[in-house]
Amino acid sequence: MTNLPMPADEAEARAVQDTLRARVVLDEPGPPPGTGRVTGVDVAYDDERDVVVAAAVVLDAATLDVVAETTAVGRVTFPYIPGLLAFREIPTVLAALESLPVDPGLVICDGYGRAHPRRFGLASHLGVLTGLPVIGVAKNPFTFSYEQPGPHRGGRWRLVCGEGEGGRGVRTQDGVKPVFVSVGHRTGLDNACAHTLLLARDFRQPETTRRADSLCRQALREATA
């Protein structure tokens, strides 16, 4: 895995984004949905102690059984600046991924990839640094416009970000709020939406996100007890 360049300030962070964005691969379809492994990554913070914990949970894509899981504890070393969240999270997420005993396969972030003001959100950043196929599946809309998908599971609509399509809103369960899917690296958008629906069999969020969220919160409680 590639070492993460840690910027000294906001201007340097944006310059790093500009450099890494040119390395995003958008012409690969990605692994077929329902095959191989899928890995959810998520983080939890204790802002008072400047502690961040990342979790990585590997699932069998067909059965959704847990194959492996790991956590990493780090320090928050970059301030919260909208659009630059990756610099707060990725060092610890990389540590968690690197400690996995198996290949993670497709990685799913609780965040954005191309649906980002600078076309380079967390999922794209992580994909470029690791070389892995990565998609973003976020809970809340960011800086784009969209229309509500149809009311039934599988409904989707374009997320308009700048001059083009940044991702899609996808209804994963009948009558619940959509999630927001975007390409990170080495995976196509249609494929990303198909993965999201297969992973969200019973709940709004993909099972990868649910498992990683629960694990990192538990690990944060233990780390700050």
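Thresholds applied
- Residues numbered from 1 in each chain as written.
- Predicted model: local features only at pLDDT ≥ 70, side-chain atom pairs only at ≥ 80, totals over all residues.
- Heavy atoms only, no water.
- pLDDT = per-residue confidence, 0-100.
- Helix = DSSP H or I, 4+ residues; strand = E, 2+ residues; numbered from the N terminus.
- Phe/Tyr/Trp six-rings, centres within 6.5 Å; stacked < 30°, edge-to-face > 60°.
- Buried < 20%, exposed > 50% of the residue type's maximum accessible area, 1.4 Å probe, protein only.
- Contact = heavy atoms within 4.5 Å.
- Core = buried A, V, L, I, M, F, W, Y, C linked by side-chain atoms within 4.5 Å.
- Salt bridge = Lys/Arg side-chain N within 4 Å of Asp/Glu carboxyl O.

Of the residues in the protein, 95% reach a pLDDT of 70 or more, and the chain-wide mean stands at 92. By mean pLDDT, the top-scoring element of the protein is strand S4 (residues 106-109) (98), and the lowest-scoring one is strand S6 (residues 156-161) (82).

If you walk through the whole model with that rule in mind, you get 1 aromatic pair. Ring centres of Phe-78 and Phe-87 lie 5.5 Å apart, and the angle between their planes is 40°; this geometry places the pair in the tilted category. The exposure class of Phe-87 is buried, given its relative accessible area of 0%.

This next bit is on the environment of Ala-212. Here Ala-212 lies in helix H5 (residues 207-223). Accessibility expressed as a relative area gives 0% for Ala-212, which makes it buried. Counting along the chain gives 181 residues from Ala-212 to Pro-31, while the straight-line C-alpha distance between them is 21 Å. Aside from chain neighbours lying at most four places away, what touches Ala-212 is Gly-40, Val-41, Asp-42, Ala-55 and Val-57.

The biggest cluster of nonpolar side chains holds 34 residues, and the ones touching the most others in it are Val-41, Ile-90, Val-93, Leu-97, Cys-109 and Leu-126. Of all elements in the fold, only helix H1 (10-21), strand S1 (37-46), strand S2 (51-60), strand S3 (66-75), helix H2 (86-98), S4 and helix H3 (122-130) reach the threshold of two or more residues within this core. The element best represented in this core is H2, accounting for 7 residues. When sequence neighbours within four positions are dropped, the list of residues in contact with Leu-126 reads Val-41, Ile-90, Val-93, Leu-94, Leu-97, Val-107, Cys-109 and Val-134.

The next thing to look at is the pattern of salt bridges. Applying the stated criterion to the full structure yields 11 salt bridges. With a shortest N-O distance of 2.5 Å, Arg-49 and Asp-46 are connected by a salt bridge. Between Arg-217 and Asp-213 there is a salt bridge, with the nearest N and O atoms lying 2.9 Å from each other. With Arg-217 and Asp-213 both in helix H5 and 4 residues apart, this pair spans about one turn of that helix. Its relative accessible area of 48% is what places Arg-217 among the partly exposed residues. Connected via shared salt-bridge partners are Asp-18, Arg-21 and Arg-118.

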